Amino acid sequence: TDLEEAFAAEELSLVEVSPTTWLPLVPIIALAASVDISRDVANPGSPEAVVSSGYFLATPTVIVPLLLLQVLKLVLGLLNVWKVAIIKEKLIPRVNRNKDGTLQVIPPCVEDSTLRREFQSTPWFAQPIESVYKELPTNRVQELFGIIGGAGVEFYLESIKFHTWLCVTTIVAFTAQILPRDIYALTSGTTNEIGIPNLLVPELLVYVGFAVIDIALLAFVSPVTFMNFALVSCVERTVAKHEGSTRTDFE
């Protein structure tokens, strides 16, 4: 069916890796490398690399951007999952049970022009960004995307992919650059060579916390977002096809 084919196409596009997928990893590794360079560490995987341990927490130019990055991932992840969830809700028919026991199927809210006009899916903090990329909607489903309108499907597809791979790249960066050396420093028993010994445990806990947050986002938020977006997108594609929309990029 059209819906099955569209759903499969959207699932494939969500996991597609582009050549720029790993770009977010570059500045993250560069931040970590800046600490090693300042401590004359050539190989972050060597035992001597523990001289940088503690400085990943003590260096403001490293920890502050990474804290802001964590906030960005949390906000973006929650925005994506919330946005597609409330849009999906407007696409699903409701079933009410009458007093006589019979069931009545109520058409989805997307079929009501008044409800579509009153529906707000763009939070205040996302309005400036959506305004930059907005396009006029060409069908009923696109109207549900709020300010961004006709560009909603493409924009949030890229937003979901960016958020997912950003989480992946930070996990890779932390597990490759920081966590192994801190664990080694903690278990080796040599405190004289550690950069800032009293910050070793706090640093380890902070970066483990960062990794746990990223893993939780990937394990619990991303799958829900993927499934809801795939449904919304394939419905939009099907509606566009049957309404004669000019959108052809998903064809």
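Residues numbered from 1 in each chain as written. Predicted model: local features only at pLDDT ≥ 70, side-chain atom pairs only at ≥ 80, totals over all residues. Heavy atoms only, no water.

J.: It is not clear to me how the packing of aromatic side chains should be interpreted in this structure. Could you clarify?
T.: Centre distance and the angle of the planes are the two values used to describe a pair of aromatic rings. Tallying each qualifying case throughout the model produces seven aromatic pairs. Relative to Y156, the ring of F155 lies with its centre 5.1 Å away and its plane at 75°, an arrangement referred to as edge-to-face. Arranged with centres 5.8 Å apart and planes meeting at 35°, the rings of F174 and F210 form a pair that is tilted. Separated by 36 residues along the polypeptide, F174 in helix 8 (residues 152-177) and F210 in helix 10 (residues 200-243) bring together distant segments of the chain. Accessibility expressed as a relative area gives 7% for F210, which makes it buried. Here a set of aromatic residues connected by ring pairs shows up, and it is made of Y133, F145, F155 and Y156. (Phe/Tyr/Trp six-rings, centres within 6.5 Å; stacked < 30°, edge-to-face > 60°. Helix = DSSP H or I, 4+ residues; strand = E, 2+ residues; numbered from the N terminus. Buried < 20%, exposed > 50% of the residue type's maximum accessible area, 1.4 Å probe, protein only.)

J.: Help me understand the pattern of salt bridges, please; the structure alone is not making it clear to me.
T.: It is possible for side chains of opposite charge to pair when their charged atoms get near one another. Scanning the model with the defined rule gives five salt bridges in all. For D36, the salt bridge identified is with R181, shortest N-O distance 2.7 Å. Pair noted here: D36 is in helix 2 (residues 25-38) and R181 is in helix 9 (residues 179-188), with a separation of 145 residues, a long-range link. Under the relative-accessibility criterion, D36 is labelled buried at 4%. On the basis of relative accessible area, R181 is assigned to the buried category, the value being 3%. Among the salt bridges present, the one from K73 reaches D214, with a minimum N-O distance of 2.8 Å. Taken together, the positions of K73 in helix 4 (residues 60-91) and D214 in helix 10 put the pair 141 residues apart, joining distant regions of the chain. Taken individually, K73 and D214 each receive the classification buried, so the pair is uniform in this respect. (Salt bridge = Lys/Arg side-chain N within 4 Å of Asp/Glu carboxyl O.)

J.: Please explain the packing of helix 8 against helix 10 as it appears in this structure.
T.: Working note: a packed helix pair is described by the angle between its axes plus the distance between those axes. It is at 9 Å that the axes of helix 8 and helix 10 come closest, and there the two elements cross at 160°. It follows that helix 8 is roughly antiparallel to helix 10 by the angle criterion. The two elements helix 8 and helix 10 cross, and the hand of that crossing is left-handed. For the contact of helix 8 with helix 10, a count of residues per class yields 16 nonpolar, six polar and two charged. (Axes fitted to C-alpha atoms, helices over the stretch in contact; angles between N-to-C directions. Parallel < 35°, antiparallel > 145°, perpendicular 65-115°, else oblique. Left-handed = near helix turned anticlockwise from the far one by under 90°. Nonpolar A, V, L, I, M, F, W, Y, C, P; charged D, E, K, R; others polar.)

J.: So what exactly am I meant to see when it comes to unusual backbone geometry here?
T.: What is expected of a backbone is that most residues other than glycine have negative phi and most peptide bonds are trans. At D40, a residue that is not glycine, the phi angle is positive and equals roughly 60°. Note that D40 resides in the loop between helix 2 and helix 3 (55-58).

J.: Would you explain the pairing of strand 1 (residues 94-97) in this entry?
T.: Side chains on a regular strand alternate between the two faces of the sheet. Bridging between strand 1 and strand 2 (residues 103-106) involves four bridges; their strand directions are antiparallel. Within the sheet, the bridge partner assigned to N96 lies in strand 2 and is Q104. Between strand 1 and strand 2, which pair antiparallel in sequence order, lie five residues; one of them, G101, sits at a positive phi of approximately 95°. (Pairing = 2+ DSSP bridges.)

J.: Got a minute to help me understand a nonpolar patch on the surface in this structure?
T.: Side chains of V71, V75, W124 and F125 sit close together on the surface and give an oily, nonpolar patch of about 440 Å² of accessible area. Tracing the backbone shows V75 in helix 4. Looking at V75, the relative accessible area reads 40%, which means it is partly exposed. (Patch = residues over 30% accessible without salt bridge, like charges linked within 9 Å, V, L, I, M, F, W, Y side chains within 5 Å. Areas by Shrake-Rupley, 256 points an atom, 1.4 Å probe, with all protein chains shown as cover.)

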